[in-house]
Amino acid sequence: MRENDLLVPRPLITRRRLLALGAGAGALGLGWPRSALAAVRVEITSGDVQPMPIAIPDFVGGTPGDTEAARSVTQIIAGDLKRSGLFAPIDPAAYIEKIVNTDAVPRFEDWRAINAQALLTGRLTRQPDGRLKGEFRLWDVFAGQQLTGQQYFTTPDMWRRVAHIIADGVYERLTGEKGYFDTRIVFVDETGPKERRIKRLAIMDQDGANVGYITRGDDLVLTPRFSTSDQVITYMSYGQGDPKVYLYNTKTRQRDVVGNFPGMSFSPRFSPNGDMVIMSLQQGGNSNLFAMDLRSRATTRLTDTAAIDTAPCYSPDGGRICFESDRGGRPQIYVMGRDGGPAQRVSFGEGSYSTPVWSPRGDAIAFTKQYQGQFAIGIMGIDGRNERILTSGFHNEGPTWAPNGRVLMFFRDNAGAGGPSLYTIDLTGRNEQKVPTPSFASDPAWSPLLS
Amino acid sequence: MTVAMGLLRRLKLAVALAAGLALAACASNPNPAAVGAAGAAAPGSQQDFVVNVGDRVFFESDSSELTAQSRGTLDKQVQWLQTYNRYAFTIEGHADERGTREYNIALGARRAQAVRDYLASRGIDANRMRTISYGKERPVAVCDDISCWSQNRRAVTVLNASS
């Protein structure tokens, strides 16, 4: 199997820039009040963030039949922006102007009166050829000008993606950072009693919509991870014989075992460009790290210790690998070059550290920390400095980064809850949200941006 | 699931419960495995192994070291497995839920390997044994405190049904 066989292009969403309207049209520079921009530009170490008040009136239906769908799109956008913690959508009951024509300049005084700093207007129209057209304009209410505008054409089944793409556009224009809403989550769905838990691979949009199941629950499956798209997943599965690492293509439904090794293989993860899988192989009582080239199938040993080396993760440039090892006694985080060789221990706090994941920005490692009977999710610099615990409790485990490096998802199992659930938390540690799932859920992994 | 497997599972549960009760009630009880009706199992049967020998050993937190009690159990397993040498078997390594997923998979493997090495050192043919780790995926005792976790940190010698 060649890597190309794994990659099938998604249906295209085409995009076009909308011409700016109104006074100051075309001036896409900083029309924003200085203070507002400063508030939205969150730094990792910043304290309280004041969410920006934004008005998001219902999108207009291009034809009467589009009204309901347009309203649903509006709700998805508002939900995305609100959950980010950086925006405070204003209660629509307060709106004065009713937006009926999205090609006209809004009455800014009506939106200033309710303290909206930004206004999002848009329209959804079913085209004669069956495609869906989504348009939006983002307005700076105080400067009285359009900040950005786009239109998208896609197939009707992708209507939720149009909403997420628009939310990403708003997020990016107002924060200066890429968004993370047009993404998916692969995770493990858990049903049945704890001692006979049924685990299925499942995939959903980042907001919990469009849940689909990849496996049926016959075999125990663990730790799914995305490749460079949401179409290829690597995970560990039990079955006949030793548990193994597999590749799965969600479009072709093709499943392949990764390599043919004696003993158990587990804890897989892709390299940033998707051409390698790094994983642990069990050899007797030890577990060491290996990388496999998916095209040549050549396997390289990366560590050779009489210890447990596992949970490897590449740096975003592919040059280094962080992993956990108990070679020093208790599990700690280490960093080494992509080809193995000497590893530097980077975690030195009290307790033990595991499941390191390198930030997409490259400047931080998220981890699970066990200390005094509690399980915490935290981040540290790649040299181990500036450790910050984002959340701590009975059991929190397995962080995964949103592609913009601003938000982590993880799973939490509260004592007595009967099973785990998925949560997100932003890097301030203040904005924690439960992610809706049909059943108990664990082992989440965040896809890259889909568009 | 066959009737025999179902019976085996219930027996295992009974042993685990008995062991748990004994731990909780009286640490000086010399032989917790003797609790319950042991006489019913036919010699050489899987039930005989589970009830009269003891199919599992327990570990300290984050450890794969065999305790004196574990070695005692494994010595009895060796004796039985040498008597009934038609059995092939799988050593299942398990961890409690107070660890992360990947590490616990490796820890379970290390525990299974510790049992395998011990049995081999006492003369059991390596070809009869295979190991597998379930990490924290298959707890036998389900609660949120140490009384359960200590029962879940285990290696279980499972006789192959087809042997």
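Here, residues in each chain are numbered from 1, in the same order as that chain's written sequence. Labels follow written order: the first chain is A, the first ligand is 1, and so on. Note on the predicted model: pLDDT of at least 70 is required for a residue's local features to be given, and 80 or more for side-chain atom pairs to be given and counted; whole-chain, interface and lining totals, by contrast, use all residues. Water and hydrogen atoms play no part in the side-chain values, which are based on all heavy atoms of the structure.

Visitor: Can you help me understand the overall build of chain B in this one?
Guide: Secondary structure counts use DSSP, requiring at least four H or I residues in a row for a helix and at least two E residues in a row for a strand, with both numbered from the N terminus. Helix and strand counts for chain B come out as five helices and four strands. Listed by position from the N terminus, the elements making up chain B come as α-α-β-α-β-α-β-α-β. The buried share of chain B, reckoned over its 163 residues, is 52%. Any two residues whose heavy atoms approach within 4.5 Å at even a single point are treated as in contact. By sequence separation, contacts in chain B at least 24 residues apart represent 73% of the contacts at least 6 residues apart. Calculation of accessible area relied on Shrake-Rupley with a 1.4 Å probe; when residues are assessed, cover is drawn exclusively from the protein chains displayed. For chain B, the accessible surface area stands at approximately 7,500 Å², while carbon and sulfur atoms represent 56% of it. Only protein chains enter the calculation, and the probe is 1.4 Å; a residue is then buried if its accessible area is under 20% of its type maximum, exposed if over 50%, and partly exposed in between.

Visitor: Looking at this structure, I do not really get the interface of chain B and chain A. What am I missing?
Guide: How big an interface is tends to be expressed through the accessible area that disappears when the partners come together. In this complex, chain B contributes 28 residues to the contact, which on the side of chain A involves 42 residues. For any pair of parts, buried area is found by adding up, for both, the accessible area (1.4 Å probe) each one loses once the two are put together. Its largest share of buried area at the contact with chain A, chain B owes to Arg98, Arg101 and Glu102 of chain B, together 25% of the area lost on that side. Put simply, a salt bridge is a Lys or Arg side-chain nitrogen that is within 4 Å of an Asp or Glu carboxyl oxygen. Summed over the shared surface of chain B and chain A, the result is six salt bridges. The shortest N-O distance in the salt bridge between Arg130 of chain B and Asp242 of chain A comes to 4.0 Å. Polar contacts here mean pairs of N or O atoms no more than 3.5 Å apart (in protein, one a potential hydrogen donor and the other a potential acceptor; neighbouring residues in sequence count only if both atoms are side-chain atoms). Put simply, chain B and chain A have 14 residue pairs in polar contact (both at pLDDT 80 or more) between them. Where the side of chain B that touches chain A is concerned, the elements lending two or more residues are helix 4 (101-121) and strand 3 (129-135) of chain B. Any residue that is not Ala, Val, Leu, Ile, Met, Phe, Trp, Tyr, Cys, Pro, Asp, Glu, Lys or Arg is counted as polar, Gly included; the first ten are nonpolar and the last four charged. Looking at side-chain class alone, the side of chain B that touches chain A contains 10 nonpolar, six polar and 12 charged residues.

Visitor: Before we go on, may I ask you to explain the packing of helix 2 (residues 46-54) of chain B against helix 3 (residues 68-83) of chain B in this structure?
Guide: Two measures define how a pair of helices packs: the angle their axes make with one another and the distance between the axes. Residues and elements named next belong to chain B. Interhelical geometry of helix 2 versus helix 3 gives an angle of 145 degrees and a closest axis separation of 10 Å. Where helix 2 crosses over helix 3, the handedness of that crossing is right-handed. Mapping the contact onto sequence places Asp48, Phe49, Asn52, Val53 and Gly54 in helix 2 and Thr73, Lys76, Gln77, Trp80 and Leu81 in helix 3. Here the axes come from fitting lines to C-alpha atoms, over the contacting stretch only for helices, and the angles between their N-to-C directions go from 0 to 180 degrees. Helix crossings fall into two classes, left-handed where the near helix is turned counterclockwise from the far one by less than a right angle and right-handed where it is turned clockwise.

Visitor: I'm lost on the sheet that holds strand 29 (residues 421-426) of chain A in this one. Help?
Guide: Two orientations exist for strands paired in a sheet by backbone hydrogen bonds: parallel and antiparallel. All names here are of chain A. In this scheme, strands are said to pair when DSSP sees at least two bridges between them. Ordered by their spatial adjacency, four strands build an open sheet running 27-28-29-30, and the pairing between neighbours is antiparallel. At either end of the open sheet lies a strand with only one pairing partner, and these are strand 27 (396-401) and strand 30 (432-435). Each neighbouring strand pair of the sheet contributes to a mean axis angle of 30 degrees, computed without reference to strand direction. Here strand 28 (residues 407-412) runs beside strand 29; their pairing, made up of six bridges, is antiparallel. Looking across to strand 29, one finds that Met409 is bridged to Thr424.

Visitor: So what exactly am I meant to see when it comes to helix 3 (residues 67-83) of chain A here?
Guide: Each α-helix winds once per 3.6 residues, and so residues spaced three or four apart point in a common direction. Residues and elements named next belong to chain A. Each helix should span, by expectation, one fewer than its residue count multiplied by 1.5 Å. Here helix 3 spans 24 Å end to end across 17 residues, near enough to the 24 Å set by a 1.5 Å rise per residue. Of the positions making up helix 3, those classed as buried are Ala70, Val73, Thr74, Ile76, Ile77, Ala78, Asp80 and Leu81. Summarising the contacts, the buried residues of helix 3 are in contact with strand 2 (52-55), strand 3 (60-61), strand 4 (87-89), strand 5 (118-126) and helix 5 (159-175). Gly85, located one to two residues past helix 3, shows a positive phi value of around 80 degrees.

Visitor: What am I meant to see in the pattern of salt bridges here?
Guide: Opposite charge on two side chains permits pairing when their charged atoms draw close. Going through the model one piece at a time under the given rule, you end up with 37 salt bridges over all chains. Across the pair Arg101 of chain B and Asp443 of chain A runs a salt bridge whose closest N-O atoms are separated by 2.8 Å. Of this pair, Arg101 of chain B sits in helix 4 while Asp443 of chain A sits in strand 31 (residues 440-446), which puts the two residues in different chains. When its relative accessible area of 5% is taken as the criterion, Asp443 of chain A is described as buried.

Visitor: What am I meant to see in the state of the cysteines here?
Guide: Joining two cysteines, a disulfide is a covalent bond between their sulfur atoms. Cysteine sulfur atoms that pair up within 2.5 Å are treated as a disulfide. Overall, the coordinates contain one disulfide over all chains when judged by the stated rule. The disulfide partner of Cys143 of chain B is Cys148 of chain B, and the S-S distance across this bridge is 2.1 Å. Because the torsion about its S-S bond is 130 degrees, the bridge between Cys143 of chain B and Cys148 of chain B counts as right-handed. Cys313 of chain A takes part in no disulfide bond, and the closest cysteine sulfur to it belongs to Cys322 of chain A, at a distance of 4.6 Å. A relative accessible area of 5% means that Cys313 of chain A is categorised as buried. Of the residues examined, Cys322 of chain A reaches a relative accessible area of 0% and is grouped as buried.

Visitor: Looking at this structure, how should I read the sheet that holds strand 1 (residues 56-58) of chain B?
Guide: All names here are of chain B. The mixed open sheet is built from four strands, whose spatial order is 1-4-2-3. At either margin of the open sheet sits one strand with a lone partner, and together these are strand 1 and strand 3. This sheet shows a mean twist of 15 degrees between the axes of neighbouring strands, independent of strand direction. Here five bridges tie strand 2 (residues 89-94) to strand 4 (residues 154-159), and the two strands are oriented antiparallel to one another. Along strand 4, the bridge assignment pairs Gly93 with Ala155.

Visitor: Explain the pairing of strand 6 (residues 132-140) of chain A here, please?
Guide: Regular strands place side chains that alternate from one sheet face to the opposite one. Residues and elements named next belong to chain A. Of all nine residues in strand 6, nine are buried; the element is thus mostly enclosed. Burial of the side chains of strand 6 extends over both faces: Leu132, Gly134, Phe136, Leu138 and Asp140 are buried on one face and Lys133, Glu135, Arg137 and Trp139 on the other. Two successive antiparallel strands, strand 5 and strand 6, enclose a turn made up of five residues, where Gly130 displays a positive phi of approximately 95 degrees. Pairing between strand 6 and strand 7 (residues 145-154): nine bridges, direction antiparallel. Considered in strand 7, the bridge of Gly134 is made with Tyr152. Between the end of strand 6 and the start of strand 7, which pair antiparallel, lie four residues, with Gly144 showing a positive phi angle near 70 degrees.

Visitor: Honestly, the packing of helix 3 of chain B against helix 4 of chain B in this entry has me stumped. Any pointers?
Guide: Residue and element names in this part refer to chain B. Between helix 3 and helix 4, whose axes approach to 10 Å, the crossing angle comes to 55 degrees. As judged from the angle between their axes, helix 3 and helix 4 are oblique. The chirality of how helix 3 crosses helix 4 is right-handed. In contact with Arg71, Leu74, Asp75, Gln77 and Val78 of helix 3, helix 4 contributes Val115, Tyr118 and Leu119. Each residue belonging to the contact of helix 3 with helix 4 can be placed in one class, and the counts come to five nonpolar, one polar and two charged. If an angle is under 35 degrees, it is roughly parallel; if it is over 145, roughly antiparallel; if it lies from 65 to 115, roughly perpendicular; otherwise it is oblique.

Visitor: Would you explain helix 3 of chain B in this entry?
Guide: Residues and elements named next belong to chain B. For helix 3, built from 16 residues, the straight-helix expectation of 22 Å at 1.5 Å per residue is met to within 8% by its first-to-last C-alpha distance of 23 Å. Of all the residues in helix 3, the buried ones are Ser70, Thr73, Leu74, Gln77, Val78, Trp80 and Leu81. Buried-residue contacts for helix 3 involve helix 2, strand 1, strand 2, helix 4 and strand 4.

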